[in-house]
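Descriptive analysis of the structure
Below are the chains, spelled out letter by letter.
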Amino acid sequence: FYGVTGKDAFCLNINATQLTLNGNFTIVITTPSIGPQQPNYENIKTFPITGREQRAVFQMGYRRILGDEDILNFFVEAGPSLSMVKFLKNQVTINNLQIDLASYYSQPYYSTYHAKYLSGTGLGAFAGLGLHLNANPKWSMQLLYSPSYEKINIGNTPKFALQQAIGLRMFYKL
């Protein structure tokens, strides 16, 4: 934060995260039947699928503390954001056999897909609101809720989406 006045400041937020996604997918196994089966019988098996990506988000904006209380006030902030995303992993496990789905992107005819769709940079906007607490003359703290509307440029059809964050900031006043 760079303070303009006692209540106004320019802010720069930098957030980095590594997301891990876990889920399941199903396969219908068609095997020759040995003996009679019920009508419309399907042999459905469930297996795990995992994925991982890295994200870095840079937000630059303006913050305003509302109210004239010495200890506790509300604050608001807003500005543009830049998000950088990188694909790391995507694999499935079928009966103890791990299959790396990302390896298919390095096959012939997929080289342009890898460079174009597995990492990207997108623009968006963020806002924030919360409580500003002056703990003592040297320390202050903020409890923050910060939604953002960003385009996560990964995959072949990226779209704008709402992201949400909750945070705690602590400041030492120089």
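These notes cover the structure that comes with them. Here the structure is a predicted model, which is why all the values come from computation and not from measurement.

Concerning the overall build of the protein chain
Looking only at helices and strands, the protein chain has one helix and eight strands in total. What you see in the protein chain, going N to C, is helices and strands ordered as β-β-β-β-β-α-β-β-β. Rg of the C-alpha trace for the protein chain: 24 Å, well past the compact-globule value of 16 Å for 174 residues, more than 25% over. Based on the C-alpha atoms only, the size of the protein chain along its principal axes is roughly 80 × 40 × 25 Å. When burial is assessed residue by residue, the protein chain has 25% of its 174 residues classed as buried. In the protein chain, the proportion of contacts linking residues at least 24 apart, taken out of those at least 6 apart, comes to 64%. For the protein chain, the accessible surface area stands at approximately 12,200 Å², while carbon and sulfur atoms represent 60% of it.

Thoughts on unusual backbone geometry
Comment: phi is negative for the bulk of residues other than glycine, and the bulk of peptide bonds are trans. Although it is not a glycine, Asn95 sits at a positive phi angle of roughly 50°. Following the sequence through the fold, Asn95 ends up in the loop between strand E4 (72–94) and strand E5 (97–100).

Structural notes on the side chain of Gln91
Turning to its location among the elements, Gln91 is positioned in strand E4. When sequence neighbours within four positions are dropped, the list of residues in contact with Gln91 reads Pro48, Ile49, Thr50, Gln98, Ile99, Asp100 and Leu101.

Structural notes on the side chain of Gln59
Looking at where Gln59 falls in the secondary structure, it is placed in strand E3 (residues 43–66). The contacts of Gln59, once residues within four sequence positions are left out, are Cys11, Leu12, Asn13, Asn15, Pro80, Ser81, Phe126, Ser146 and Ser148.

Observations concerning the pattern of salt bridges
For the coordinates displayed, the defined rule picks out four salt bridges. Here Asp68 and Lys7 are joined by a salt bridge, their closest N and O atoms 2.3 Å apart. Highlighted residues: Asp68 in the loop between E3 and E4 and Lys7 in the loop between strand E1 (2–3) and strand E2 (8–29), separated in sequence by 61 residues. Judged by its relative accessible area of 65%, Asp68 is exposed.

Considering the pairing of E4
Where E3 lies against E4, 16 bridges are found, and the strand directions are antiparallel. Paired with Ile65 across the two strands is Phe75, which belongs to E4. Hairpin connection from E3 to E4: five residues lie between these consecutive antiparallel strands, with Gly67 at a positive phi of about 95°. Here E4 runs beside strand E6 (residues 119–134); their pairing, made up of 15 bridges, is antiparallel. Paired with Phe75 across the strands is Gly130, a residue of E6. Relative to E5, E4 runs antiparallel, the two being bridged by four bridges.

Observations regarding the layout of surface pockets
Within this model, the largest pocket holds a volume of roughly 430 Å³. Looking at the largest pocket, it is lined by 19 residues, and the ones nearest its centre are Asn15, Val57, Gln59, Gln164 and Ala165. Counting only elements with at least two residues in the lining of the largest pocket, the list comes to E2, E3, strand E7 (139–151) and strand E8 (160–172). Among the elements that line the lining of the largest pocket, the one with the most residues is E8, at six residues. For the lining of the largest pocket, the residue count by class is seven nonpolar, nine polar and three charged. Considering only enclosed or pocket space, the second largest pocket measures out at about 350 Å³ in volume. Lining the second largest pocket are 18 residues, with Gly6, Arg63, Ile65, His132 and Lys173 sitting closest to its centre. Among the elements of the structure, E1, E2, E3 and E6 are those that each provide at least two residues to the lining of the second largest pocket.

What counts, and where the lines are drawn
- Residues numbered from 1 in each chain as written.
- Predicted model: local features only at pLDDT ≥ 70, side-chain atom pairs only at ≥ 80, totals over all residues.
- Heavy atoms only, no water.
- Helix = DSSP H or I, 4+ residues; strand = E, 2+ residues; numbered from the N terminus.
- Rg over C-alpha atoms; globule rule 2.2 N^0.38 Å.
- Buried < 20%, exposed > 50% of the residue type's maximum accessible area, 1.4 Å probe, protein only.
- Contact = heavy atoms within 4.5 Å.
- Areas by Shrake-Rupley, 256 points an atom, 1.4 Å probe, with all protein chains shown as cover.
- Salt bridge = Lys/Arg side-chain N within 4 Å of Asp/Glu carboxyl O.
- Pairing = 2+ DSSP bridges.
- 1 Å grid on protein atoms, 1.4 Å probe; cavity = no way out; pocket = protein on both sides within 12 Å on 5 of 7 lines; lining within 4 Å.
- Points joined across faces, edges and corners; volume = space filled by probe spheres on them.
- Nonpolar A, V, L, I, M, F, W, Y, C, P; charged D, E, K, R; others polar.

Any functional reading would require information beyond the geometric quantities listed.
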